[in-house]
Amino acid sequence: MKNQFMKLISLITALAMIATVFTACNSSQDGNGSGQANASEEGQSAEATQADAKEIDFYSAILKEEASILVSEMFTEETGIKVNVHSYDSADFVQAFMVASNGGSPVDVMLLNGQDVRNFAQNGLLQDLTDSPYTERVTETTIEQYTFNNRVYGIGAKGGNSSGLFLNMDVFAEYNEDIPETIQDIFTFNDKLKADGKSFFAFGGGSKYMWPMWYFSVFAQTSNNQPIERTEAILLGEAKFTDEDTVEAFRILQQFAEEGVYQQGFNGTDSDGGKAVFVNGDAAAFYGGTWEISGFLEAGMDNLQLIPFPAVTDNTDEVWLQTGNASDGAWTIYSKIDPKRQSAAEKFIEFITRDELIASLRESDNADLRDHARVSCNKNVPIPDDADPLTIKQMEMLETMTFTHPDWIYPGEITTKLQDILQGLTGLQITPEEAAREWQDKMDEMLESGYDFNAVEPLSGDE
Amino acid sequence: MLKSKKKRDNIFGYLFSLPALFIYGAFTIYPFFYGIYISFCEWSGFGEPTFIGIQNYLKIPGDSAVFSALAHNALYAVGTVSVKVVFGFLIALILNKSLKGITAFRTILFIPVVISFIAIGAIWTWILNPTQGLLNNLLIAIGVMDRGNVTAWLGDERYALISLMIVDLWKWMGYHIVLFLAGLQTISPDLYESAEIDGVNWYQKTVYITIPQIKNVFYMNLTFCLVGAFNVFDIVMAMTEGGPYGATEVISKYIYDTSFGATNMFGYAMSISMFVFVLMLAVTLIILKFMRKAEENM
Amino acid sequence: MKAKRLIVKILDYTVLAILSAVIIVPLFWLLGNSVKSNKDIRVNMAKFFPSSGEWQFENYTSAWKRGNIGQSVLNSIIITAVSVFLIIVVAYLAAYAIARIRYKGSGIVLGLFVSLMMVPLSQVVMIPQYRMISSMNLVSTHIGVVLLYVAAGIPFSVFLLTSFLRTFPIEMDEAASIDGCNRIQIIIKILLPLSRPGLATVIIFQSMNIWNDYFIPLIYLRSPAMRTITLSLKNFMGQWGLVDYNTLFAAIATVTLPIVIIYVIFQKQFISGLISGSVKG
């Protein structure tokens, strides 16, 4: 018995050693991130070792692959620098990126989803771009969005988006209702709709990443227009989720569910299902964001109005901030970029943030590129005069919104926790106080483990 | 003479096993050991891991999320394994007969197995849609459900897990049926003939001849189902993402969230993986022992 | 007696019919949706048939183009076929060694393979595997992915084939070797034909897993030329935009049909071959 055991151990050890030796021999080849590829390039042009590399790797999260490739080809045409495009869904991006960067694949320019920028910066993955001249091109709020600890880590991409309430004016006309200004208006209208088996809101609660938005807009009101400041205070440990403003927000959201303003089974419908209910005319309103405008237009909804979230507290005079973002994503440079590729990467950033380029993308055949450029966070690229009314409204709403969403500055676990408890809250499974308690417990756990909101750690180890 | 043959045998043995061992060793065992190393570290997924000893493992007993996730897996296992093994076998018995058109049925039952989970997620999320989906509209049509009070299959914490199990069964039943079928086809018909001469009925035939003859197939199916139930990820990811309010949070989803959606918790995620591994190993060994004992008693 | 037979027959058919209905109805709904127009699919998703006059067969052509289906299916087929073939070769040799040669330490080797079958392995091994594959410069190649699938498929396959081979009496081999056959001949002439059910099982199991796999292609096969079908299907699903269900379903239908055909052919060959070559005594 013991003999067998010893044999097993020695066999495993032998295998592990063989595999380790095998890997170690191969790994020693990729010294600084560019591995084999650079080796052959350097072999070919010895004099060129001092010159800058003519190739970059572009990781794209918020621009679809075809579009990313098209715009990269434009860049290659102008500069002769080759671009390797790696495009991932936002959902897969972090995982795929983690594996690639750990494996020593070269990374140079990254177009990140706004929600990931802070996390990446805190993990030391982003180069400090504070001194880059291109930060001048985008609006102030965009820069503020990606400034952590007084250093700028990203240059805004795409445009600002605000959350907003889409109203199906056909349904409003049918029931002879006016645009709601308070939640009381909503509840009254909803009672009428319920009698006909409809609901005021259409929502896909099954896609839980869509829930936090509701909380943010309500929280903006309960926190007296200080949602971002309060969030930062909580993340620093100076305030708590169990404070009254969060609990009040939860209370209001649960009230929504109790009043039945959502369609039946909303937590079992994903976001597409929710939109379908709205498009079908089975609901009067859809709470989403200006990013959905293109989709609705394509589905043939031509009688829509876009309004900010109505007042949910007694204070109906104040202009309440909507949750929004000054830009959807950011152009960033990898902190461990191969120094030879630095200038190529910078050239790419210069190219892609150019006012003229963005304006020209509006004429592109590719729908994603058009969408990318539709509303821009560049200072000098305003929307065209003949833009559709919803786009114009979007620009208006950008005036009264926060420059970033709270979940773009939460650490991952806090976001996930919020999504879960909002489902539980609206599913009437937990009380507002319990929800806040659960959330704060998670925060306490993190603070105890040493979470520091302001820390930007440099990336450890060499590439 | 015999000794050198034995020696030659041993050499042949290792030689034949070498390709499998080598590939397996390089691509599975080595990474696994690396994973073990990470489980003793704190790591964000980027940069270098920091060794912290057994701290990650000490966190596990206090982490209720791990245990509630495992509980979900256990429930999932009970539901899917029992149906797959029992019904899979019974249906394979039917399909084994030489009825007319039997090939058509065999083919139809197997089709869902070849459809990717992305498609299945898309199809079934719509079928289970509370207001517009196929299932509820059918139930309303036959009068079992009220249009004003529809069940939210994926949105109700009472039904979400069961809904996922049904989707899982829909997809994988055909596979287990085919495995049983393949096994049934290896049973020599002579055995049945001699039994029929002795005048045994269907029940006795099945229990005393069929089942023992394919007991390996039973073990295999049992193992696959069990392992599948504890590793289930795709269906959950595609349809509920662990919701609503954690009703369908399974352990692989929790590990995934901890690896990629949390701060510096990659090492912790690895330690949970190792914990689950040891658990599964123990469960499998117990089952094996139990089955050996049952074999001896037969 | 005959009445009893009839009742059983009716029951059998009823059960099969119900099961088939449960399978076919959702698929039928999928087909119906695959030819709906863009507007129809959002408004009338629940209905089986597209609204009259709104049959949009172009969904299939646009699915083919947008999803790069031809190339993706080819990639999936190549990767699956090569991986499964290698798995069989490698695993069968090892199973033969363990079950028939029964060399010293074979029990331990078997235990080694079996023990790691249980781990939710993909996250654990993902990063170190990538390091290895990338250091061999095999990222974004079919070979790299095949190696990973072979490694992943070995445990189950060896376990399966070993227990399968163990059901044959060892005297069979000994008799053959006395007759003058060497090991290779024993394998090819005697054991392989008898192993059809075991091999069929391995082939079916591994093909399904590899064909349906999403995460390995996600990480290793990024370029459109290398991509497999599961990845291409993902292309129809946006993150924030509305999913094109009609084209997606058309793509799914396009992909599933050839597989079903292959399965029908394959199933007949192996399973009917079993009846003639079944174990005797």
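Residues numbered from 1 in each chain as written. Chains lettered and ligands numbered in written order. Predicted model: local features only at pLDDT ≥ 70, side-chain atom pairs only at ≥ 80, totals over all residues.

Novice: Just to check I follow, could you spell out the overall build of chain A for this structure?
Specialist: Within chain A, the secondary structure is distributed over 19 helices and 12 strands. Of all 463 residues assigned to chain A, the portion counted as buried reaches 52%. Intrachain contacts of chain A at a sequence separation of at least 6 include 80% that bridge at least 24 residues. (Helix = DSSP H or I, 4+ residues; strand = E, 2+ residues; numbered from the N terminus. Buried ≥ 20, exposed ≤ 12 C-beta atoms within 10 Å, placed from the backbone. Contact = placed C-beta atoms within 7 Å.)

Novice: What's the story with the interface of chain C and chain B in this structure? I'm lost.
Specialist: Interfaces are often described in size by the accessible area the parts lose on coming together. Residue-level contacts link 73 residues of chain C with 70 residues of chain B. Listing elements by their share of the side of chain C that touches chain B, those giving two or more residues are α1 (2-34), α4 (69-101), α5 (106-115), α6 (121-135), α7 (142-165), α10 (196-212), α12 (229-234) and α13 (245-276) of chain C. If one sorts the elements of the side of chain C that touches chain B by residue count, α13(C) sits on top with 12 residues. Taken together, the residues of the side of chain C that touches chain B sort by class into 55 nonpolar, 13 polar and 5 charged. (Nonpolar A, V, L, I, M, F, W, Y, C, P; charged D, E, K, R; others polar.)

Novice: Is there a simple way to explain the domain arrangement of chain A in this structure?
Specialist: Residues and elements named next belong to chain A. Each assigned domain of chain A is listed with its residue range as follows: domain 1 (51-159 + 326-379) and domain 2 (161-325 + 403-448). Taking the mean C-alpha position of each, domain 1 and domain 2 sit 30 Å from one another. Contact residues are listed per partner, giving 12 residues for domain 1 and 9 residues for domain 2. The element contributing the most residues to the side of domain 1 that touches domain 2 is helix α5 (residues 114-122), with 4 residues. For the side of domain 1 that touches domain 2, the class distribution of residues is 1 nonpolar, 7 polar and 4 charged. (Domains from an automatic or database assignment.)

Novice: Which parts of the structure should I look at to understand the nonpolar core?
Specialist: Side chains of nonpolar character tend, in soluble globular proteins, to be buried together. Counting residues in each nonpolar core, the largest one holds 220 residues, and the members touching the most others are I23(B), A91(C), A95(C), I154(C) and I252(C). Setting aside chain neighbours within four positions, we find A91(C) in contact with A20(B), I154(C), S157(C), V158(C), L161(C) and V202(C). One finds L165(A), I183(A), I186(A) and V279(A) within the second-largest nonpolar core, a separate group that totals 65 residues. (Core = buried A, V, L, I, M, F, W, Y, C linked by C-beta atoms within 7 Å.)

Novice: Got a minute to help me understand helix α12 (residues 271-279) of chain A in this structure?
Specialist: Helical geometry note: an α-helix holds 3.6 residues per turn, so side chains three or four residues apart project in the same direction. The buried count for α12(A) comes to 9 of 9 residues, which makes it a mostly enclosed element. Positive backbone phi, approximately 85°, marks G281(A), located one or two places after α12(A).

Novice: Would you explain the confidence of the model for chain C in this entry?
Specialist: Close inspection of predicted coordinates is inappropriate in any region flagged by low pLDDT. Looking at chain C, the pLDDT average stands at 79 and 84% of residues meet or exceed 70. Predicted complex, confidence summary: ipTM 0.84, pTM 0.86. (pLDDT = per-residue confidence, 0-100.)

Novice: Which parts of the structure should I look at to understand the packing of helix α7 (residues 160-184) of chain B against α10(C)?
Specialist: Relative orientation and spacing of two packed helices are given, respectively, by the angle between their axes and the distance between those axes. For the pair α7(B) and α10(C), interaxial distance at closest approach is 9 Å and the crossing angle is 170°. One way to sum up the angle between α7(B) and α10(C) is to call them roughly antiparallel. Across from Y175(B), V178(B), L179(B), A182(B) and G183(B) in α7(B), the residues of α10(C) making contact are P197(C), A200(C), T201(C), I204(C) and M208(C). Among the residues making up the contact of α7(B) with α10(C), the classes are represented as 8 nonpolar, 2 polar and no charged. (Axes fitted to C-alpha atoms, helices over the stretch in contact; angles between N-to-C directions. Parallel < 35°, antiparallel > 145°, perpendicular 65-115°, else oblique.)

Novice: Got a minute to help me understand the sheet that holds strand β12 (residues 329-333) of chain A in this structure?
Specialist: The strands that make up a sheet pair up through hydrogen bonds in the backbone, lying either parallel or antiparallel. Residues and elements named next belong to chain A. Read across the sheet, 5 strands follow the order β2-β1-β3-β12-β6 without closing on themselves; strand pairing throughout is mixed. Strands at the two margins of the open sheet, each flanked by one partner only, are β2 (82-87) and β6 (155-157). Between one strand and the next, the sheet's axes are offset by a mean angle of 25°, whatever the strand orientation. Bridging between β6 and β12 involves 3 bridges; their strand directions are antiparallel. Across the sheet, the residue bridging to G156 is A330, located in β12. Running at roughly 120° to strand β3 (residues 109-113), α5 makes contact with β3 and β12 of the sheet. (Pairing = 2+ DSSP bridges.)

Novice: How do you make sense of the confidence of the model for chain A when you look at a structure like this?
Specialist: In this model, chain A carries an average pLDDT of 84, and 88% of its residues clear a pLDDT of 70 or more. In the model, residues 23-50 of chain A has pLDDT below 50 throughout and makes 25 contacts with residues more than four positions away in sequence or in other chains.

Novice: Teacher, can you tell me more about α5(A) here?
Specialist: The buried fraction of α5(A) amounts to 9 of the 9 residues, a majority that puts the element mostly inside the structure. Every buried residue belonging to α5(A) is among G114(A), Q115(A), D116(A), V117(A), R118(A), N119(A), F120(A), A121(A) and Q122(A), and all of these are buried.

Novice: What is the right way to look at the environment of T400(A) in this model?
Specialist: You can see T400(A) is positioned in the loop between α17 (389-397) and α18 (412-426). Separated by 25 residues in the primary sequence, T400(A) and L425(A) have C-alpha atoms spaced 28 Å apart.

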